[in-house]
Amino acid sequence: MTSRLSRLAVALVATAGATLGVTVANPAPASAAMTICYNTSQAGAYAGTANQSASIWNNATSNLTLSANCGSNLRIYQITGGGSYAVRTSLGNGRVYIDTQQAAQYSPLRIMTHEIGHILGLPDNYNGNCAILMSGGSAGTSCTNPYPSTAEANRVSSLFAGTFSATDRSADIFRDSWPAPLTTVG
């Protein structure tokens, strides 16, 4: 009888989820980690920063491993001008651009970890709170915190465990997390 009730409950939840457009996925076993290969061949002076950021995400999440130069799920680029930003092509895939001008004003490690957070499924949160990584530049130039909050890290772990439905939206572009570089008038 208990087995029948369990099957009935699962069927009801699945039906309700389908009716509401919710995808229910079986989570990956806790020991299974997804690997995201990132490429720093175009990162210039920020290759080491990308490695530090990968280490931060690897330590903060339970089922995700960012690994250097084993492929190109994520490509990191150094640019000058135009602002730092991320382009997510799908969950765990995309490009990160680090602007040397902004990195001279803001913590390069915070910028890198924030932009990789977009590739891992996190949106911007412009609340100005330095403890929230995805607040980006709204926390000001004095904020150097490169660590995701527990809630941010848990969200990424959940996305990669399949417990949330992550809509695969092509070419999500995350810009304007960091105010434009200051210019001098002279």
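(A) Layout of the state of the cysteines. Under the defined criterion, the tally for this structure stands at two disulfides. Through a disulfide, C37 is tied to C70; the S-S separation comes to 2.0 Å. On the sign convention where negative means left-handed, the S-S torsion of about -105° between C37 and C70 marks this disulfide as left-handed. Taken as a pair, C37 in strand β1 (residues 34–42) and C70 in the loop between β2 (64–68) and β3 (74–79) lie far apart in primary sequence, 33 residues in all.

(B) View of helix α4 (residues 108–119). Taking 1.5 Å as the rise per residue, α4 with twelve residues should run 16 Å; its terminal C-alpha atoms sit 17 Å apart, in good agreement. For α4, the tally of buried residues reaches eleven of twelve residues, placing the bulk of the element in the interior. Every buried residue of α4 is listed here: L109, R110, I111, M112, T113, H114, E115, I116, G117, H118 and I119.

(C) View of the nonpolar core. Judged by nonpolar contacts, the single largest core of 28 residues is most densely connected at L66, L74, V96 and I116. Taken together, the elements giving at least two residues each to this core come down to β1, α2 (47–60), β2, β3, β5 (93–99), α4 and α5 (150–161). Leave out the neighbours within four places in its chain, and I116 touches S53, W57, L66, L74, I76 and V96.

(D) Seen up close, α2. Between the first and last C-alpha of α2 there are 20 Å, a value that for 14 residues agrees with the 20 Å anticipated at 1.5 Å per step. Taken as a whole, α2 has its buried residues at A47, T49, A50, S53, A54, I56 and W57. Close packing links the buried residues of α2 with β1, β2, β3, α4 and α5.

(E) The arrangement of the confidence of the model for the protein in detail. Overall, the prediction assigns the protein a mean pLDDT of 79, with 69% of residues at 70 or greater. In the model, residues 1–31 has pLDDT below 50 throughout and makes eight contacts with residues more than four positions away in sequence or in other chains. Contacts of residues 182–186 to residues separated by more than four positions or lying in other chains number one contact, the stretch itself having pLDDT below 50.

(F) Looking closely at the pairing of β1. Bridge analysis of β1 against β2 gives five bridges, and the strand direction is parallel. From the neighbouring strand, M34 faces β2, where its bridge partner is L64. With respect to chirality, the unit in which β1 leads through α2 into the neighbouring parallel β2 is right-handed. Strand direction decides the pairing type here: β1 and β3, joined by three bridges, are parallel. The residue of β3 that forms the bridge with N39 is R75.

(G) Representation of the pairing of β5 within the structure. The buried fraction of β5 is high, at five of seven residues. Linking two consecutive strands that pair antiparallel, namely strand β4 (residues 85–90) and β5, is a turn of two residues; a positive phi of about 90° is found at G92 within it.

(H) Representation of the packing of aromatic side chains in the model. Applying the stated criterion to the full structure yields two aromatic pairs. Ring centres 5.1 Å apart and planes at 15° place the aromatic pair Y77 and Y97 in the stacked group. On the criterion of sequence distance, the pair formed by Y77 in strand β3 and Y97 in strand β5 is long-range, its members being 20 residues apart. On the basis of relative accessibility, which here comes to 14%, the residue Y97 falls in the buried class.

Thresholds applied
Residues numbered from 1 in each chain as written. Predicted model: local features only at pLDDT ≥ 70, side-chain atom pairs only at ≥ 80, totals over all residues. Heavy atoms only, no water. Disulfide = S-S within 2.5 Å. Helix = DSSP H or I, 4+ residues; strand = E, 2+ residues; numbered from the N terminus. Expected span 1.5 Å × (residues − 1). Buried < 20%, exposed > 50% of the residue type's maximum accessible area, 1.4 Å probe, protein only. Core = buried A, V, L, I, M, F, W, Y, C linked by side-chain atoms within 4.5 Å. Contact = heavy atoms within 4.5 Å. pLDDT = per-residue confidence, 0-100. Pairing = 2+ DSSP bridges. Right-handed = clockwise from strand over helix to strand, strands pointing away. Phe/Tyr/Trp six-rings, centres within 6.5 Å; stacked < 30°, edge-to-face > 60°.

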